[in-house]
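# Topology and contacts: notes
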Amino acid sequence: MRELILLAALLAAPTTAQKPVAIFNGRDLSGWQVPDPNPYWRVEKGVLIGENDEKKKGHVLRTEKSYKDFVLELDVRWSGEIDSGVMLRKPEIQLQFGISRSLKVDMTGAFYVGKYPEEGRTKDLDKTFKPNDWNRFKLEAKGDTFTVWCNGKQVSQFKDAKYAEAAPIGLQVHPGLTMKVEYRNIKLRVLDKPEVPVQTTSR
């Protein structure tokens, strides 16, 4: 009986992989694949800043580890026109922040998969999103379902079993426009298993 009680307690106890962990330390770009040279990304006062270079080139800053099922939470802020977002899974799917280059409209909170599928677009985002201010987004990737909350309210969901493989998580600075985006308090909770190391890292 004692052994059964102990086993039940161990199974019920949360594991390290289930706890939210900071994947941005607020000081530097440790844990991320940093380009060399790096005119795009810098850290100031606990904030990760992404900005184009003078030639308006873009970049995606990716984690050094790959993830499949997870909950990602982060604060994001911008002013004016930007095109950014969170990249995940393989094949790649994107959670959009800012103006779509193709549609020329704000698609914040929607999913992009080479197009913006209708079922993955936002609903009632204006009721919770704060322009020109910090907004807290939560992204859950679980199996074939991808769900987004903005400041505590669900704003979009997309389902497709195609996007099934683990991949690094990326933050985007889009080429072709002058833009600046800020991120802070980036935390991740793994749902399936510990992180999978990326096979190759280009610096």
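Residues numbered from 1 in each chain as written. Predicted model: local features only at pLDDT ≥ 70, side-chain atom pairs only at ≥ 80, totals over all residues. Heavy atoms only, no water.

### Remarks on the overall build of the protein chain
Along its length, the protein chain carries one helix and 15 strands. For the protein chain, the share of sequence-separated contacts (at least 6 apart) that also reach a separation of at least 24 residues comes to 65%. A total accessible area of about 11,000 Å² is found for the protein chain, and carbon and sulfur atoms account for 50% of it. (Helix = DSSP H or I, 4+ residues; strand = E, 2+ residues; numbered from the N terminus. Contact = heavy atoms within 4.5 Å. Areas by Shrake-Rupley, 256 points an atom, 1.4 Å probe, with all protein chains shown as cover.)

### Here's the deal with the pairing of strand E5 (residues 59–67)
Pairing geometry for strand E2 (residues 32–33) and E5, over two bridges, is antiparallel. Of the residues in E5, the one forming a bridge with glutamine 33 is arginine 62. The sheet contact formed by E5 and strand E13 (residues 167–173) spans six bridges and is antiparallel. Directly across from arginine 62, in E13, lies its bridge partner glycine 170. (Pairing = 2+ DSSP bridges.)

### Describing the environment of asparagine 135
With respect to the helices and strands, the residue asparagine 135 is situated in strand E10 (residues 135–142). Non-local contacts of asparagine 135, meaning those with residues more than four positions away in its chain, are made with Leu74, Asp75, Val76, Thr128, Phe129, Lys130, Cys150 and Asn151. At 2.7 Å, the side chain of asparagine 135 and the backbone nitrogen of lysine 130 are in polar contact. Reaching out from asparagine 135, the side chain makes a polar contact with the side chain of asparagine 151 at a distance of 2.9 Å. (Polar contact = N/O pair within 3.5 Å; in protein donor to acceptor, adjacent residues only side chain to side chain.)

### Some details on the layout of surface pockets
Looking at the largest pocket, its volume works out to about 190 Å³. What lines the largest pocket is a set of 13 residues, and nearest its centre among them are Ala22, Ile23, Ser30, Gly31 and Tyr67. Looking at the lining of the largest pocket, the elements that each hand over two or more residues are strand E1 (21–22) and E5. When residues of the lining of the largest pocket are assigned to their parent elements, the largest contribution, four residues, is made by E5. Residues of the lining of the largest pocket, tallied by class, amount to six nonpolar, four polar and three charged. (1 Å grid on protein atoms, 1.4 Å probe; cavity = no way out; pocket = protein on both sides within 12 Å on 5 of 7 lines; lining within 4 Å. Points joined across faces, edges and corners; volume = space filled by probe spheres on them. Nonpolar A, V, L, I, M, F, W, Y, C, P; charged D, E, K, R; others polar.)

### Observations regarding the pairing of strand E7 (residues 83–88)
Remember that side chains alternate between the two faces of the sheet whenever the strand is regular. The buried fraction of E7 is high, at six of six residues. What you see with E7 is no split at all: Asp83, Gly85 and Met87 on one side and Ser84, Val86 and Leu88 on the other are buried throughout. Both E7 and strand E8 (residues 93–98) contribute to a ladder of six bridges, which runs antiparallel. The residue of E8 that forms the bridge with methionine 87 is glutamine 94. With two bridges joining them, E7 and E13 adopt antiparallel strand pairing. Counted as the bridge partner of methionine 87 is glycine 170 from E13. (Buried < 20%, exposed > 50% of the residue type's maximum accessible area, 1.4 Å probe, protein only.)

### A short note on the pattern of salt bridges
All told, the structure shown has 12 salt bridges when counted by the stated rule. In this structure, the salt-bridge partner of arginine 121 is glutamate 118, at a minimum N-O distance of 3.8 Å. Through salt bridges that share partners, Glu73, Asp75, Arg136 and Arg184 make up one connected network. (Salt bridge = Lys/Arg side-chain N within 4 Å of Asp/Glu carboxyl O.)

### Comments concerning the nonpolar core
When a protein is soluble and globular, its nonpolar side chains tend to lie buried together. Membership of the largest hydrophobic core comes to 43 residues, with the highest contact counts inside it found for Leu74 and Phe97. No other element matches the five residues that strand E14 (residues 180–190) contributes to this core. Leave out the neighbours within four places in its chain, and phenylalanine 97 touches Leu74, Val76, Trp78, Ile82, Asp83, Ser84, Gly85, Val86, Thr108, Phe137 and Tyr183. (Core = buried A, V, L, I, M, F, W, Y, C linked by side-chain atoms within 4.5 Å.)

### So, the packing of aromatic side chains
Within the structure shown, the criterion is met by nine aromatic pairs. Seen in terms of ring centroids, tryptophan 78 and phenylalanine 129 are 5.5 Å apart; in terms of plane orientation they differ by 35°. Their pairing is tilted. Of this pair, tryptophan 78 sits in the loop between strand E6 (70–77) and E7 while phenylalanine 129 sits in the loop between strand E9 (111–112) and E10, placing them 51 residues apart in sequence. No difference in accessibility class separates tryptophan 78 from phenylalanine 129, as the two residues are buried. Aromatic pair phenylalanine 97 and phenylalanine 137: ring centres 4.8 Å apart, planes at 55°, arrangement tilted. With phenylalanine 97 in strand E8 and phenylalanine 137 in strand E10, this pair connects stretches of sequence that are 40 residues apart. In this structure phenylalanine 97 comes out as buried when scored by relative accessible area, which is 0%. The exposure class assigned to phenylalanine 137 is buried, which follows from its relative accessible area of 2%. (Phe/Tyr/Trp six-rings, centres within 6.5 Å; stacked < 30°, edge-to-face > 60°.)

This is a description of form; function is not addressed.
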